[in-house]
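The lines below spell out each chain.
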Amino acid sequence: MTADRSMRPRVGTGSARRILQGFVLLPLFGLLAGCNLVVMQPSGDIAVQQRNLILASTGLMLLIIIPVIVLTLLFAWRYRASNTAARHDPDWDHSTGLEVVIWTAPLLIIIALGALTWISTHTLDPFRPLSRIEPGKPIAAEVKPLEVQVVALDWKWLFFYPEYNVAVVNELAAPVNRPITFKITASSVMNAFYVPALAGMIYAMPGMQTQLHAVINKPGAYDGLSSQYSGSGFSRMTFKFHGLEGDGFDQWIAKVKQQGSELSRDAYLELERPSERVPVTYYSSFSDGLFGKILGMCAVPGKMCMHEMMAIDAKGGAGRESRENADRLQYDNRHTQRGDEPPGATTPASHRAPKSESPDSDKTHEGSGQGHSAPDQTNN
């Protein structure tokens, strides 16, 4: 009898071990303090409204999810095989009251989600000008939004400030509490402009202009990035967005004008070449109408602009004479013609054989646009 008792496990030993293991894992939760939940702690009014929409939608859905999970566990425990006291009715098949609850609750939540989605879709339309700086603070009639023209290049960002006639690569700045109007396009492949602390993601596409209206309410330096895969340099296509108070923005503009040089059309064509890890570059001025030419896909001399092509189409086409426009309409092969197509571009995009099929691929493609720094056009 004594021997049998010695072989039995001590009561509570397993529970104590599990509790001890739980305490050992507790310090690991401290690592979560390093997480930057910028989407849930934004600094711009549009991003705050988007955060609130996420929380409201999640809360409405949890009204169903949590009760279902709790009732599932409760039923599994109450009607377990060992609980002989639980009522057992094998012939039960219907309950009007239960059916009403099961269908009414989800229906009401879906209606609420639909109304919330419809209202927020119109309120947060990126093409819609802002009506307020923050809750309870409407925009004054005399306040002029800051216009920023954004171009997604391979693999860097180019920002034009037409009001100040300056341009910057891989750095963005704006005054705190001043509305910002972004006009966004791309020079080659589809991309996406995203500053999580400011507002949501907006696509950038060649030959098209998307818009974003936003405002930054707190000073600071925020991360901006490309949220759409666009090639080998995608992961390094980042920039800093500075929210500046007082005369900080004017000082930043003055620094750009002092340290920058001119962004001519030829300088832009050099900048447009595929390159990675491009440092911040300032331009004290830029060629008149340059953003319009980039948007119209005619920055390269001799190319036909989009508005010219649309004017011809509106007249029913150019007939046989349109053959003369064929070369002017070739756009996607401009990098290949210069011999600097992005790394990894193969047939049919570049009309060249895959690198794995070329015996001298390492020599042929060495430095073909990857890792190049921006042209030395500034003194910054």
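As a reminder, the structure under discussion sits directly above these lines.
Being a predicted model, the structure only gives us computed values, none of them experimental. Each chain has its residues counted from 1, following the order in which its sequence is written. Side-chain atom pairs in this predicted model are given and counted only at pLDDT of 80 or more, local residue features only at pLDDT of at least 70, and totals for whole chains, interfaces and linings cover all residues. Calculated side-chain values reflect all of the structure's heavy atoms, with hydrogen atoms and water omitted.

(A) Just the overall build of the protein, in detail. A run of H or I in DSSP counts as a helix once it spans at least four residues, and a run of E counts as a strand once it spans at least two, with each numbered from the N terminus. In terms of regular secondary structure, the protein is built from ten helices and 14 strands. Between buried and exposed lies partly exposed: a residue is buried under 20% and exposed over 50% of the maximum accessible area for its type, with that area taken using a 1.4 Å probe on protein chains only. Per-residue burial for the protein yields a buried fraction of 35% across its 380 residues. For this analysis, residues touch if any pair of their heavy atoms sits within 4.5 Å. A separation of at least 24 residues holds for 68% of the contacts in the protein among residues at least 6 apart in sequence. Each accessible area is a Shrake-Rupley result for a 1.4 Å probe, and residues are judged covered by the shown protein chains and nothing else. About 22900 Å² of surface is accessible on the protein, with carbon and sulfur atoms providing 59% of the total.

(B) Focus on unusual backbone geometry. Cis peptide bonds are those with omega within 30 degrees of zero, and the linkage from aspartate 154 to tryptophan 155 qualifies with -10°. Secondary-structure assignment places tryptophan 155 in the loop between strand E3 (146-153) and strand E4 (156-161). Despite not being glycine, asparagine 170 shows a phi value in the positive range, around 60°. Structurally, the position occupied by asparagine 170 is in the loop between strand E5 (166-169) and strand E6 (171-175). Unusually for a residue other than glycine, methionine 297 sits at a positive phi of about 60°.

(C) Up close: the state of the cysteines. The disulfide criterion is simple: two cysteine sulfur atoms within 2.5 Å. Applying the stated rule across the entire model yields one disulfide. At a sulfur-sulfur separation of 1.9 Å, the disulfide partner of cysteine 298 is cysteine 305. Every disulfide takes its handedness from the sign of the S-S torsion; for cysteine 298 and cysteine 305 that torsion is 85°, giving right-handed. This pair shows no difference in class: cysteine 298 is buried, exactly as cysteine 305 is.

(D) Inspection of the side chain of arginine 178 at higher detail. Within the element layout of this structure, arginine 178 appears in the loop between E6 and strand E7 (180-186). Any N or O atom pair separated by 3.5 Å or less is treated as a polar contact, with the protein-specific requirement of one donor-capable and one acceptor-capable atom, and with residues adjacent in sequence counted only for side-chain atom pairs. At a separation of 2.9 Å, a polar atom in the side chain of arginine 178 contacts the main-chain carbonyl oxygen of lysine 144. Once you skip the residues sitting within four places of it in the chain, arginine 178 turns out to touch Lys144, Pro145, Leu146, Glu163, Tyr164, Ala214 and Val215.

(E) A look at the sheet that holds strand E8 (residues 191-194). Strands sit in the order E6-E12-E11-E8-E9 across an open sheet of five strands; the sheet is mixed. The open sheet is flanked by E6 and strand E9 (202-204), the only strands paired with a single partner. Neighbouring strand axes in the sheet, compared pairwise and without regard to direction, differ in orientation by 25° on average. Note on definitions: angles span 0 to 180 degrees between N-to-C directions of axes, and those axes are lines fitted to C-alpha atoms, for helices only across the stretch in contact. Packed on one face of the sheet, helix H5 (residues 248-259) meets E6 and strand E12 (238-244) and runs near 145° to E6. Pairing between strands requires that DSSP locate at least two bridges from one strand to the other.

(F) Spatial organisation of the packing of aromatic side chains. Pairing of aromatic side chains requires ring centres within 6.5 Å, counting the rings of Phe and Tyr and the six-membered ring of Trp. Pairs whose planes differ by under 30 degrees are stacked, by over 60 edge-to-face, and all others tilted. Under the criterion given, the structure shown has 15 aromatic pairs. Aromatic side chains tryptophan 157 and phenylalanine 193 sit 5.6 Å apart centroid to centroid with 75° between the ring planes, which places their arrangement in the edge-to-face category. Pair noted here: tryptophan 157 is in strand E4 and phenylalanine 193 is in strand E8, with a separation of 36 residues, a long-range link. The two residues tryptophan 157 and phenylalanine 193 agree in class, both being buried. Aromatic side chains phenylalanine 160 and phenylalanine 286 sit 4.9 Å apart centroid to centroid with 75° between the ring planes, which places their arrangement in the edge-to-face category. Here the residue phenylalanine 160 occupies a position in strand E4, and phenylalanine 286 occupies one in strand E14 (residues 281-286), the gap between them amounting to 126 residues. Owing to a relative accessible area of 0%, phenylalanine 160 belongs among the buried residues under this scheme. A relative accessible area of 14% means that phenylalanine 286 is categorised as buried. Among the aromatic residues, those joined into a ring-pair cluster are Trp157, Phe159, Phe182, Phe193 and Phe239.

(G) Main features of the pattern of salt bridges. By convention in these notes, a salt bridge is any Lys or Arg side-chain nitrogen within 4 Å of a carboxyl oxygen on Asp or Glu. Under the definition given, this model contains seven salt bridges. Put simply, glutamate 270 and arginine 273 hold a salt bridge, and the shortest N to O gap is 3.3 Å. Under the relative-accessibility criterion, glutamate 270 is labelled partly exposed at 39%.

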